[in-house]
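# Survey of secondary and tertiary structure
Chain by chain, the residues:
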Amino acid sequence: MQSFDTVVIGAGAAGLFCAGVAGQLGLKVLLVDHSEKVAEKVRIAGGGRCNFTNRDLDPRAPHKHFLGENPNFCRSALSRYTPQDFIALVQKHAIPFHEKHKGQLFGDRSSEDFIRMLLAECEAGGVTRWQPCKVENIRESASSPHGTDAYRYEIDSDRGVVQARHVVIATGGLSIPKIGATDFGYRVARQFGLRVVEPRPALVPLTFDGEAWAPYAQLAGLALPVVIETGTKKQRMAFQEDLLFTHRGLSGPAVLQISSYWRSGESIRLNLAPEAGLIEALAQAKVSSRKLLVNELAAIVPSRLAEAWVQQDAAWQRPVADTSDKALAALAARLVQWELVPTGSEGYKKAEVTAGGVDTRDLSSQCLESKQPGLYFIGEVVDVTGWLGGYNFQWAWASGHACAQAMAQAQA
Ligand code: FDA
């Protein structure tokens, strides 16, 4: 039987990074993935350029950009491995990058640069990689004593049985099953008596009932800046971002962000003209313009939206001067307070991440070790979900780093 200090299961962002750091700290590491290719999500991330971190992340206030049952759980790991630390690594590998909107950092060339970097870091740590390799079972070894130095675990894989002192589960969430997502991590957690917060798709387009959506389906492809919100009082969450109409509903950064907070049955509210003083502009047009209301509206919002909007009420299909104040107020209210109830989402096949996951009450925030000694969970499999914009990768790097450090210390 082969022996390793650490077996990391899942060679995505978190697993690759953790394996490389642990190897460089002197641990003998095996990294296993059931897919032929590593880091498929890094490859497709950020439209192929990988939005690898976010400069706006504030490790002292993680609740601003992360959600989960305990949004402060990630503070310790995020403050010990910051965006600046990862940027330094990217610079060490001479990968060119640039900043986009809202602190988001992207590679200038391709995500492949980051995959090569992660593999080079694994190589520098002498990490053994097996893939594709299927893990069939993880169990506590019956024979060995359970000291910190013991080979506590045995892992059955299709390349044989290995023993390990530490096992790291880095198998991610359920999003995009066609590139290798599985529920493996949740099953392992339950096997060892750990709790799992019900997973759900997040950063995902929202869908609407076909008949109710028919008047808006003609707007598919239209993008515009909006303010979007859901929830009320303390639960209220709002974003100012771009919205995209689709044939089945709504997408774009605004909707992906709000989808992580939206709960089935709740409404979302949209302001489709957040920057315009809509009521004042229409009141002004009423006294000074001979144009149709639709043409005045098209000066404020995109013309396709103006045309679709006025079709909803005959009172809005007149010259603006002949439109009653009540009709103008109703039109403005519907544009700036458009309330609608999604019927669902596009689900895991389109979700960028999975919210929920291994319950943080059963994990150490310092080192990501679970209540089951020697068993760690890192990255997206944990109930920590970041906003769109590089936050999820930063959690993968930071949780992987904290875990690697802790395993090395446990063996020192
Ligand atoms: P990840 O999913 O990366 O890796 C899990 C690995 O485990 C995979 O290699 C998988 O094959 C393997 N695995 C699963 N089950 C297994 C099993 N039973 N046995 C063995 N191996 C198994 N985030 C961000 O910050 N910036 C961005 O630009 C984007 N963009 C983006 C685009 C798209 C389309 C998606 C779907 C997602 C993003 N994300 C993102 C989110 C980001 O990709 C995600 O949060 C991280 O990849 C999570 O890293 P993990 O390593 O935890 O899981």
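See above for the structure.
First, a word on what this report is: a plain description of the structure on this page. (Residues numbered from 1 in each chain as written. Predicted model: local features only at pLDDT ≥ 70, side-chain atom pairs only at ≥ 80, totals over all residues. Heavy atoms only, no water.)

As a volume, the second largest pocket reaches approximately 430 Å³. As for the second largest pocket, its lining consists of 21 residues, of which Leu 67, Arg 200, Gln 235, Tyr 261 and Arg 263 are closest to the centre. Residue assignment for the lining of the second largest pocket shows that the elements contributing at least two residues are strand E11 (196–202) and strand E19 (353–358). Per-class residue counts for the lining of the second largest pocket are five nonpolar, eight polar and eight charged. (1 Å grid on protein atoms, 1.4 Å probe; cavity = no way out; pocket = protein on both sides within 12 Å on 5 of 7 lines; lining within 4 Å. Points joined across faces, edges and corners; volume = space filled by probe spheres on them. Helix = DSSP H or I, 4+ residues; strand = E, 2+ residues; numbered from the N terminus. Nonpolar A, V, L, I, M, F, W, Y, C, P; charged D, E, K, R; others polar.)

Every second residue of strand E2 (residues 29–32) is oriented toward a common face, with Val 29 and Leu 31 on one face and Leu 30 and Val 32 on the other, all of them buried. Sheet topology note: the strand E1 (residues 2–9)/E2 ladder contains four bridges and is parallel. Across the sheet, residue Thr 6 finds its bridge partner in E2, namely Val 29. You can see the chain leave E1, run along helix H1 (residues 13–24) and come back into E2, and the turn it takes is right-handed. As paired elements, E2 and strand E7 (residues 128–130) share three bridges and run parallel to each other. Looking at the pairing, Leu 31 lines up with Arg 129 of E7. (Buried < 20%, exposed > 50% of the residue type's maximum accessible area, 1.4 Å probe, protein only. Pairing = 2+ DSSP bridges. Right-handed = clockwise from strand over helix to strand, strands pointing away.)

Structurally, the position occupied by Ile 87 is in helix H4 (residues 83–92). For Ile 87, a relative accessible area of 2% translates into the label buried. Separated by 18 residues in the primary sequence, Ile 87 and Leu 105 place their C-alpha atoms 9.1 Å from one another. Apart from the residues within four sequence positions on either side, Ile 87 is in contact with Phe 52, Thr 53, Arg 55, Phe 97 and Leu 105. (Contact = heavy atoms within 4.5 Å.)

This paragraph deals with the packing of H1 against helix H13 (residues 391–411). Direction vectors running N to C along H1 and H13 enclose 35°, while the axes themselves pass 8 Å from each other. Note that H1 runs across H13; the crossing there is right-handed. Residues Ala 13, Ala 14, Phe 17, Cys 18, Val 21 and Ala 22 of H1 lie in contact with H13, whose contacting residues are Phe 393, Ala 396, Trp 397, Gly 400, His 401, Cys 403, Ala 404 and Met 407. Considered class by class, the residues forming the contact of H1 with H13 number twelve nonpolar, two polar and no charged. (Axes fitted to C-alpha atoms, helices over the stretch in contact; angles between N-to-C directions. Left-handed = near helix turned anticlockwise from the far one by under 90°.)

The subject of this paragraph is the packing of aromatic side chains. In the structure shown here, the tally under the stated rule is 22 aromatic pairs. Aromatic side chains Phe 17 and Phe 86 sit 5.9 Å apart centroid to centroid with 70° between the ring planes, which places their arrangement in the edge-to-face category. Placement of the pair is Phe 17 in helix H1 and Phe 86 in helix H4, with a sequence separation of 69 residues. You'll find Phe 17 and Phe 86 in the same group, each marked buried. Aromatic side chains Tyr 216 and Trp 309 sit 6.0 Å apart centroid to centroid with 45° between the ring planes, which places their arrangement in the tilted category. You can see Tyr 216 sitting in helix H7 (residues 210–217) and its partner Trp 309 sitting in helix H11 (residues 303–310), a full 93 residues away along the chain. For the pair Tyr 216 and Trp 309, one class covers both residues: buried. The positively charged end of Lys 28 is found above the aromatic ring belonging to Phe 4, 4.9 Å away from the centroid. Above the face of the Tyr 151 ring, Arg 165 is positioned so that its terminal group lies 4.3 Å from the ring centre. (Phe/Tyr/Trp six-rings, centres within 6.5 Å; stacked < 30°, edge-to-face > 60°. Lys NZ or Arg CZ within 6 Å of the ring centre and 35° of its normal.)

Function cannot be read off these values alone, since they describe shape.
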